[in-house]
Amino acid sequence: MSAFAMGPALLFCPADRPERYAKAAERADAVILDCEDAVAPDAKDSAREALAASRLDPATTIVRINPLGTADADADLAALAGTDYRTVMVAKAEDPAALAALAARGYAVIALCETAAGVVAAGEIAAVDGVVALMWGAEDLVASMGGTASRDARGQYRAVVQHARATVHLAAAARGKASVDAVHLDITDEAGLAEAAADAAALGFVATACIHPSQVAVIRRAYAPTPDQRVWAERVLAAAEHERGVFRLDGQMVDEPVLRHARAVLARGEGAAGTERV
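Predicted model, so just to flag it, every value in this text is computed and none were measured.

A few points about the overall build of the chain
Then, number 1: Looking only at helices and strands, one finds twelve helices and ten strands in the chain.
Then, number 2: Seen through its principal axes, the chain has C-alpha atoms that stretch 65 × 40 × 40 Å.
Then, number 3: Carbon and sulfur atoms make up 54% of the accessible area of the chain, which totals about 13200 Å².
Then, number 4: Once the 27 positive and 38 negative side-chain charges of the chain are each reduced to a mean point, those two points are 4 Å apart.

Here it is in structure tokens:
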């Protein structure tokens, strides 16, 4: 199963907390076992030991490794080699050639573009065979530029952060690759997460990553079409079966882009089917 077929809610789980693995996998559409930022430097080895001993479903398990070219990444991949997990999220991805080399080893790669260099290289990264999805990240991006805050006083992403999100998403879409939206760090802000996830779904992101199980249901609801949206999409597509070219429905023009929107709505519904477990 590819990253874009896993479902809309991808839940990070620290790799040094194996007691949480099964619960995280049960609660979310896919679990991201995190060997990078969620693990303190002195716990990296124990995280790799736990990873190597784990037996989650490879079809819905992603492993986030440290940046390629580092000793930590090499150690992560050595631990990963003894498992059945083959979907790897690469932290701070910047080098298309390094990602291609990793993909050549049989891994499906999710490139996490979370530095200025990574965002600028997003188009080249998306072109790499074996890169199945791109994700972006706000906090590391701002830190890579010497900044201190991704959001302004109103709680909104600053313009350069919004630009990075759009750049990564467009780069992925241009190559037919999936896009994963960034985490919402404020666990208590359910309304903010719902708004962000609904926006991501409307723009064509296939999933939103999250950091707490309570965020899973919010994301699933945001990605699932509303009953009204589903009825509209079904009516539009049903009407199109008896029309040729552009036609009117309920006073509105329906052409091929509108038909694609309708198909996308129903596809989102299929993607959310069976994901309402909590």
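Description of the domain arrangement of the chain
Then, number 1: In terms of domain boundaries, the chain breaks down into domain 1 (9-223) and domain 2 (227-274).
Then, number 2: Using C-alpha coordinates to define each centre, domain 1 is positioned 32 Å away from domain 2.

As for the UniProt feature "binding site: Mg(2+)" (unreviewed entry) in the chain
Then, number 1: As recorded in UniProt, the sites labelled "binding site: Mg(2+)" (unreviewed entry) are Glu114 and Asp140. A stretch of 27 residues holds the annotated residues, and the largest C-alpha distance among them is 5.6 Å, short enough that they meet in one place. As for the annotated residues, the ones lining the largest pocket are Glu114 and Asp140.
Then, number 2: Here Glu114 shows up in the loop between strand 5 (108-113) and helix 5 (116-120).

Notes on the packing of helix 2 (residues 44-53) against helix 3 (residues 71-81)
Then, number 1: Close contact between helix 2 and helix 3 brings their axes to 8 Å; oriented N to C, the two are set at 20 degrees. Considering the angle they form, helix 2 stands roughly parallel to helix 3. Two packed elements cross with a definite hand, and for helix 2 against helix 3 that hand is right-handed. Counted together, Lys44, Arg48, Leu51 and Ala52 of helix 2 and Asp72, Ala75, Asp76, Ala79 and Leu80 of helix 3 form the full contact between these two elements.

Topic: the sheet that holds strand 1 (residues 9-14)
Then, number 1: Ordered by their spatial adjacency, eight strands build a closed barrel running 1-2-3-4-5-6-7-8, and the pairing between neighbours is parallel. Between one strand axis and the next, the sheet turns through 25 degrees on average, direction left out of account.
Then, number 2: Here three bridges tie strand 6 (residues 131-136) to strand 7 (residues 178-181), and the two strands are oriented parallel to one another. Across the sheet, Leu134 pairs through a bridge with Ser179, a residue of strand 7.

Description of helix 4 (residues 96-103)
Then, number 1: Inspection of helix 4 places Pro96, Leu99, Leu102 and Ala103 among the buried residues, and these make up the whole buried set. Angular distribution of buried residues about the axis of helix 4 spans 120 degrees; they occupy a single face of the element.

Observations regarding a nonpolar patch on the surface
Then, number 1: A contiguous nonpolar surface patch, about 240 Å² in accessible area, is contributed by Leu185, Ile187 and Ile211.
Then, number 2: In this structure, Ile211 sits in the loop between strand 8 (207-210) and helix 10 (214-223).

The rules behind the values
- Residues numbered from 1 in each chain as written.
- Predicted model: local features only at pLDDT ≥ 70, side-chain atom pairs only at ≥ 80, totals over all residues.
- Heavy atoms only, no water.
- Helix = DSSP H or I, 4+ residues; strand = E, 2+ residues; numbered from the N terminus.
- Areas by Shrake-Rupley, 256 points an atom, 1.4 Å probe, with all protein chains shown as cover.
- Lys, Arg positive; Asp, Glu negative; His and termini not counted.
- Charge placed at Lys NZ, Arg CZ, Asp CG, Glu CD.
- Domains from an automatic or database assignment.
- UniProt positions renumbered as here; feature names shortened; annotations may be inferred.
- 1 Å grid on protein atoms, 1.4 Å probe; cavity = no way out; pocket = protein on both sides within 12 Å on 5 of 7 lines; lining within 4 Å.
- Axes fitted to C-alpha atoms, helices over the stretch in contact; angles between N-to-C directions.
- Parallel < 35°, antiparallel > 145°, perpendicular 65-115°, else oblique.
- Left-handed = near helix turned anticlockwise from the far one by under 90°.
- Contact = heavy atoms within 4.5 Å.
- Pairing = 2+ DSSP bridges.
- Buried < 20%, exposed > 50% of the residue type's maximum accessible area, 1.4 Å probe, protein only.
- Arc of directions from axis to C-beta.
- Patch = residues over 30% accessible without salt bridge, like charges linked within 9 Å, V, L, I, M, F, W, Y side chains within 5 Å.
- Salt bridge = Lys/Arg side-chain N within 4 Å of Asp/Glu carboxyl O.

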